[in-house]
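Here is how the chains run, residue by residue.
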Amino acid sequence: MNINPRIDRTTPVIVQGISGRAGTLHSRLMQEYGTRIVGGVSPKTGTNDINGIPVFASCAEAVRATGATASVTLVGALQLLGAMEEAVAAGIKYIVTPTEGMPVHDALRARRLVREAGVIWVGASTPGMAVPGAAKLGFLPDDSLSPGPLGLMSKSGTLSYEAGYRLTQRGIGQSVWIGVGGDPVKGLSYADLVPFFAADAQTGALLIIGEIGGHDEEEFAAALRAQRFQKPVFALIAGRTAPEGIAMGHAGALTYGDHGTYAAKHAALADAGAQVFASLDAMVEGICAHFTVQSR
Amino acid sequence: MYLLEHDAKELLAQHGIPVPPGCLIGADETIHRLALPPGPWIVKGQIGAGGRGKAGLVRKAATLQDITDHANAILGNTVKGRRVNAIRVERQVEAAEETYLAFLIDPAAGGVRVIMSAQGGVDIENLSPALVHSEVAPPERAALEACVQRLAAAIPGTKGRALRDAGERLTQVFLGQEALLLEINPLFVKTDASWIAGDAKMITDDNALVRQPALQELLGQRAAAYPETVLKLKHGFDYVVVDPDGEIGLLTTGAGLSMMLIDELRALGLKPYNFLDVRTGGLRGETTRLVQVLRWIAEGHKVRVLLINIFAGITDLGEFSRLLIAALAKVPQLRVPVVARLVGNGLPAAREVLQTAGVALHTDLGSALAEVRKHLATGNGLWEKSHNSSP
């Protein structure tokens, strides 16, 4: 599957769960950023519109009436698989699911579903994605977003906000920002996006913000090597000193034995030619130095 | 959650999986001969981490005295940052061969990986790849059972028969309990092809706990063994004491940013007390959650400073600051200076609120850390004092 996660100001987007607290707030914030929100889905009858956005009783109805191709799904963790099934059946081609706490066995089923249907899924447990200066799907804070040369992928929300914010303050923005999310089984992983970032003309370098647990960083490193990725890659990995056997906030951030450890990730990334930083400060300085040298 | 071996085995036994008879003995309990299964025994320290054998937590015992000696040697030790609070004493399995069977979620392959080997008892990573049979299947009973049958067919004799039977039965446990990992190593096989789970490593999905009654019941009965999971289930956020002797209490949001801060503090030689992802979005205008967190941090007997680090994407920092000051006033037992580093939405209002309450506000993490170090060096500047002097 050839994945292109870019969206623009014309991409028609619906919000599933728009009548909920998060749905109402974030449909407005996304709209203010420039996202073309064309509709919302809420099973509650009697609501015609929220923030001026027409509300439909089902995904199928919303897609028929608006021609939406993307959905931001803001429903509870145990309802998420069902909402995704509904979106895929309605013909949605791009699903972003910020919801935290999706059961892993549900995520496995959702992953099979979207892959078989050729649908892009970002999440779960993701702050979303953005093409800075154009549109965003999800929660990414405007203060951290600015158009620029850096492709950004992150498991963590807040750590990426902080990184994006500090780099933006220093004049370095992002081409496409994808919060892949902190769950172990997810829609898109870092490795899935390597071909896209390699080909994307606006992306001059890649920043991945990883954390302990799972093997996503190792698989990303393997993809860099296998595809002979030519652009500079920068990396930051959280959880170097976390205790074994306890999930640190994210369901995926769990080490056991030698699995998912900082050391394994650091080694794999460094071997693949990535520059791995020990702290946020070092990361900001390293990336700034790279772009300063390049612009001379 | 990473189940202790004893709990995993009890859970497996409930589902009809054969395990050696055994009992759990806590650190303060006396060992009663009558409570023990028939010997000879194996004494196993219970922690939620692997490598127990290498750490000396697994020992054979032939007499009651052996058990007592091993218990004394094992209980109270700290291995991989986890204290050994209990041992499982179980009957040794004799006259059996060791094999290996595991089910685990394979995120990259997008399915359940089944691993089988005619040799067990050692780390699977240390076996020759030729001896390890593995395949991925979707998380459905028929597909997984077919996968088990294919893998077992490659293993001749009684071992193959036993692994097939064990695999089919454990498939149901893995799916039914929504496990992330279920590893039986060794899986003992006897000459008549009967089998028994020598060890059991099981990690379950905290996200699925709300629909898993057996695991909820286990948590209810053994809450003290799983403080992090109990806490998350009860309160809806994550809190982990990472160092009981830590000096810096952390009030932070975001799992990644909080982990990174702990790493950076430790790299500077500082001692953070806790990990916290408080989820400012979940405060809902109430102090309840902050008060709870501050009370827990106050339990850290060496905590000497509270560092707040919040990057507010959506959260209003003015509102957060008002809640924070109100919460601090409700936890007078936390008598430590407060250093706040806030960035994002609503900063000017936050500055005003914190200034009035006498809490220094930083926007730069480096300068906040400099103040933390200053407090650790002097031990002065209790927040309570400055708070009491404010209107």
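Residues numbered from 1 in each chain as written. Chains lettered and ligands numbered in written order. Predicted model: local features only at pLDDT ≥ 70, side-chain atom pairs only at ≥ 80, totals over all residues.

Draft legend 1. Representation of the domain arrangement of chain B in the model. For chain B, the assigned domains are domain 1 (20–92), domain 2 (97–204) and domain 3 (236–389). Look at where the C-alpha atoms of domain 2 of chain B and domain 3 of chain B centre, and you get two points 46 Å apart. (Domains from an automatic or database assignment.)

Draft legend 2. The arrangement of the packing of helix 5 (residues 158–169) of chain A against helix 7 (residues 255–267) of chain B in detail. Close contact between helix 5 of chain A and helix 7 of chain B brings their axes to 5 Å; oriented N to C, the two are set at 75°. Taken together, the axes of helix 5 of chain A and helix 7 of chain B are roughly perpendicular relative to one another. Residues Thr158(A), Leu159(A) and Glu162(A) of helix 5 of chain A form the contact with helix 7 of chain B, whose own contacting residues are Gly256(B), Leu257(B) and Met260(B). Here the contact of helix 5 of chain A with helix 7 of chain B is composed, by residue class, of 3 nonpolar, 2 polar and 1 charged. (Axes fitted to C-alpha atoms, helices over the stretch in contact; angles between N-to-C directions. Helix = DSSP H or I, 4+ residues; strand = E, 2+ residues; numbered from the N terminus. Parallel < 35°, antiparallel > 145°, perpendicular 65-115°, else oblique. Contact = placed C-beta atoms within 7 Å. Nonpolar A, V, L, I, M, F, W, Y, C, P; charged D, E, K, R; others polar.)

Draft legend 3. Representation of the domain arrangement of chain A in the model. All names here are of chain A. When the domains of chain A are assigned, the result is domain 1 (12–123) and domain 2 (141–295). Each of domain 1 and domain 2 has a C-alpha centre, and the two are 27 Å apart. Across the boundary between the two partners, domain 1 contributes 11 residues, which contact 10 residues of domain 2. Of all the secondary structure elements, the ones that give two or more residues to the side of domain 1 that touches domain 2 are helix 4 (104–117) and strand 7 (120–123). Residues belonging to the side of domain 1 that touches domain 2 are distributed by class as follows: 9 nonpolar, 1 polar and 1 charged.

Draft legend 4. View of unusual backbone geometry. In the segment running from Gly123(A) into Ala124(A), the intervening peptide bond is cis, with an omega of 0°. Among the structural elements, Ala124(A) can be located in the loop between strand 7 and strand 8 (128–131). Between Asn185(B) and Pro186(B) the backbone carries a cis peptide bond, its omega angle lying at 10°. By the element assignment, Pro186(B) lies in strand 11 (residues 179–189).

Draft legend 5. Seen up close, the sheet that holds strand 17 (residues 305–312) of chain B. All names here are of chain B. Strand order in the open sheet made by the 4 strands is 15-17-18-19, with parallel pairing throughout. Of all strands in the sheet, those bounded by a partner on one side alone are strand 15 (248–252) and strand 19 (360–362). Across the sheet, the axes of successive neighbouring strands diverge by a mean angle of 20°, strand direction being ignored. Relative to strand 19, strand 18 (residues 338–344) runs parallel, the two being bridged by 3 bridges. Within strand 19, the residue paired with Arg-341 across the bridge is His-362. (Pairing = 2+ DSSP bridges.)

Draft legend 6. How the structure looks around the confidence of the model for chain B. Residues and elements named next belong to chain B. The predicted model of chain B averages 91 in pLDDT, with 97% of residues at 70 or higher. Across residues 380–391, confidence stays below pLDDT 50; counting only partners more than four residues off in sequence or on other chains, it has 21 contacts. In the model output, the complex is listed with pTM 0.89 alongside ipTM 0.87. (pLDDT = per-residue confidence, 0-100.)

Draft legend 7. Here's a closer look at the environment of Val58(B). All names here are of chain B. By secondary structure assignment, the location of Val-58 is in strand 4 (residues 58–61). A sequence separation of 252 residues divides Val-58 from Ile-310, and the C-alpha atoms of the two residues are 44 Å apart. Those residues within four positions of Val-58 in sequence are excluded, and the remaining contacts are Ile-42, Lys-44, Arg-52 and Gly-53.

Draft legend 8. Geometry of the interface of chain A and chain B. Of the residues lining the interface, 49 residues belong to chain A; the matching set on chain B comes to 45 residues. Among the elements of the structure, helix 4, helix 5 and strand 12 (205–211) of chain A are those that each provide at least two residues to the side of chain A that touches chain B. Here the element with the most residues in the side of chain A that touches chain B is helix 4 of chain A; it accounts for 6 residues. The class makeup of the residues in the side of chain A that touches chain B is 24 nonpolar, 15 polar and 10 charged.

Draft legend 9. Summary view of helix 1 (residues 5–14) of chain B. All names here are of chain B. For helix 1, the buried fraction is high: 7 of the 10 residues fall into the buried class. When we look at burial in helix 1, the residues that qualify are Glu-5, His-6, Asp-7, Ala-8, Lys-9, Leu-11 and Leu-12. Immediately downstream of helix 1, the backbone of Gly-16 shows phi near 80°, a positive value. (Buried ≥ 20, exposed ≤ 12 C-beta atoms within 10 Å, placed from the backbone.)

Draft legend 10. A look at the pairing of strand 16 (residues 274–277) of chain B. Residue and element names in this part refer to chain B. The two faces of strand 16 match: Asn-274 and Leu-276 on one face and Phe-275 and Asp-277 on the other face are all buried. Both strand 14 (residues 238–241) and strand 16 contribute to a ladder of 4 bridges, which runs antiparallel. Residue Tyr-239 lies in a different strand from strand 16, and its bridge partner there is Leu-276.

Draft legend 11. Layout of the pairing of strand 13 (residues 201–204) of chain B. All names here are of chain B. Of the two faces of strand 13, both are covered, the one formed by Lys-201 and Ile-203 as well as the one formed by Met-202 and Thr-204. In the sheet, strand 1 (residues 2–3) pairs with strand 13 via 2 bridges, with the strands oriented antiparallel. By the bridge assignment, Tyr-2 is partnered in strand 13 with Ile-203. Relative to strand 13, strand 11 is paired through 4 bridges, and the arrangement is antiparallel. Following the sheet pairing, Glu-183 is matched in strand 13 by Lys-201.

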